[in-house]
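Structural overview
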Amino acid sequence: MSRLPNKLSPQQDGPVEKTPLPFPHRFVRYQLTSLRRARLKFVLPGLVLLSLALQSHPAEPQGMMMRQGTPHFVAEVAAYMEDDTLKAFTYVEIPVNRLFFAPRTSGDLEAVLDITVQIYDGNFQIAGDVWRHRIRAESMSKVRNSSRTLRKTIRFPIKPGNYNVTVEVSQPEAGTRNEKRIPLKVISSYEKGLEVGEILFGICSSDGDDFHPLVEAPVLGRRFGGTRFPTCFYTQVFHAEKPKDDSLHVEWFLSTHAGQELRRDKSSVPLGPGVTSVVMPLFLEKLWMGSYLLTVRCRLDGKEKTERAQFELDETRVSLGAGYDSAIDMIEMIADEDELKKLRETPPEDRQEAWDEFWDSRDPEPETERNEFKEEFFIRVRYANEHFGVMEPGWRSDRGRIYIKYGAPDQIESFPQNQDRYPYEIWDYYKFRLRFIFVDYDGFGRYVLHEPGRF
């Protein structure tokens, strides 16, 4: 993971340790205070930002690109009725910029990959096939900066039961492969009376009536970022051919993982012949980044069934209305005082434009679709939230802020059990010549920067 170069602002009320650090083309002096809960801020001058871009994307051999490790992909499975047939759907999405490209005699580049899907009932394979894809590119830079993805939807007829779906993506020329095994429960309620199928998420129209994963692939990974398009959830409800009720009663709840209910809605859906499709909008615009739980409850003929699905918002572009103050707090780690003042004083109707301008000013390659700096920042924020959140969002914690500023440590020494000391961790960054000590003073796993004299 590439480093985010920065300059820490010292506190005025504590000792400051200054360490000179080498950096391409110039020396940047880092200043670090060891006080607990130190506010960490840094400035990205233009030259340092350019260095970030150079470090993040070093020169590669002309005509060939090798991405280290296995091919990256996201996959989901679900079972739905299509054309009166119960089918297993496998959705696969592969980012093109993570693939291996080799030169061809024509002068351009090509990535060759195989997608294999196999469905197992126990140890017996009941369905499967292999699909080969070839992707052409003109140059290395266009591949690296592309946001293009290869999306594939695969269907197999299937019967009710419990299965395992194996999805493999391999690149024979690179000798790499990646495999995921996903459980699949295929239901049918002609005998049980009522069942709710897998919940998928996708982009819908404003009236929420045209998202259908059988036609258009859903949002895989259940993670939403800088899109402004309305989001819907989709499921199929299986029921008797001729129920007593005239319609299916659907109620859904949106809540945090802590159980705080944020929104609820209900509707009556006209019944289909034995299976009814349910499509409803979620209205995510006012939500802040984090994890959420969707609960869908269906009632028909006195029977009730519930299905749940979780999803994440991983960028603040969709949630500035409710989380603007938190967004400003987050970027204190990379914004200077003038930028923070400007953002805080921006009226609500202009906040989205100001927010976009802030990130555009840090885009190392503005002529491309991607903003590598913004992507890296939120990748680190997401990691901090997933690993360091104890009684507060991970990005607010001391370990989270250090991780966001410097990336993954070169070495972590953990001492969770000590007879005469608090549990503590030591993080070393050899490149930056920095060491951080985090201590769990209260015993709840909330590690904070070491307080001198308290260890």
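The present account deals with the structure reproduced in this document. (Residues numbered from 1 in each chain as written. Predicted model: local features only at pLDDT ≥ 70, side-chain atom pairs only at ≥ 80, totals over all residues. Heavy atoms only, no water.)

Remarks on the sheet that holds strand β3 (residues 74–82)
Spatial strand order, β3-β4-β8: three strands in an open sheet with antiparallel pairing. The strands lining the two open edges of the sheet, one partner per strand, are β3 and β8 (149–157). When strand polarity is set aside, the average angle formed by the axes of neighbouring strands in this sheet is 20°. Bridge analysis of strand β4 (residues 85–95) against β8 gives nine bridges, and the strand direction is antiparallel. Considered in β8, the bridge of A88 is made with F156. (Pairing = 2+ DSSP bridges. Helix = DSSP H or I, 4+ residues; strand = E, 2+ residues; numbered from the N terminus. Axes fitted to C-alpha atoms, helices over the stretch in contact; angles between N-to-C directions.)

Here we look at the packing of helix α4 (residues 337–345) against helix α5 (residues 351–360)
Helix-helix packing is characterised by the crossing angle of the two axes and by the distance between the axes. Two elements in contact, α4 and α5, have axes whose closest approach is 9 Å; the angle formed by their N-to-C orientations is 160°. What the angle tells us is that α4 and α5 run roughly antiparallel. Regarding α4 and α5, the two cross each other, and that crossing is left-handed. Packed against α4, whose contacting residues are E339, K342 and L343, the element α5 presents A354, W355, E357 and F358 at the interface. Here the contact of α4 with α5 is composed, by residue class, of four nonpolar, no polar and three charged. (Parallel < 35°, antiparallel > 145°, perpendicular 65-115°, else oblique. Left-handed = near helix turned anticlockwise from the far one by under 90°. Contact = heavy atoms within 4.5 Å. Nonpolar A, V, L, I, M, F, W, Y, C, P; charged D, E, K, R; others polar.)

A few points about the sheet that holds strand β19 (residues 303–313)
An order of β13-β19-β18-β15-β16 is seen for the five strands of this open sheet, with the pairing classed as mixed. Only two strands of the sheet have a single partner each, and these edge strands are β13 (223–224) and β16 (261–270). Relative to β19, strand β18 (residues 290–300) runs antiparallel, the two being bridged by 11 bridges. Among the inter-strand pairings, R299 is bridged to a residue of β19, identified as E304.

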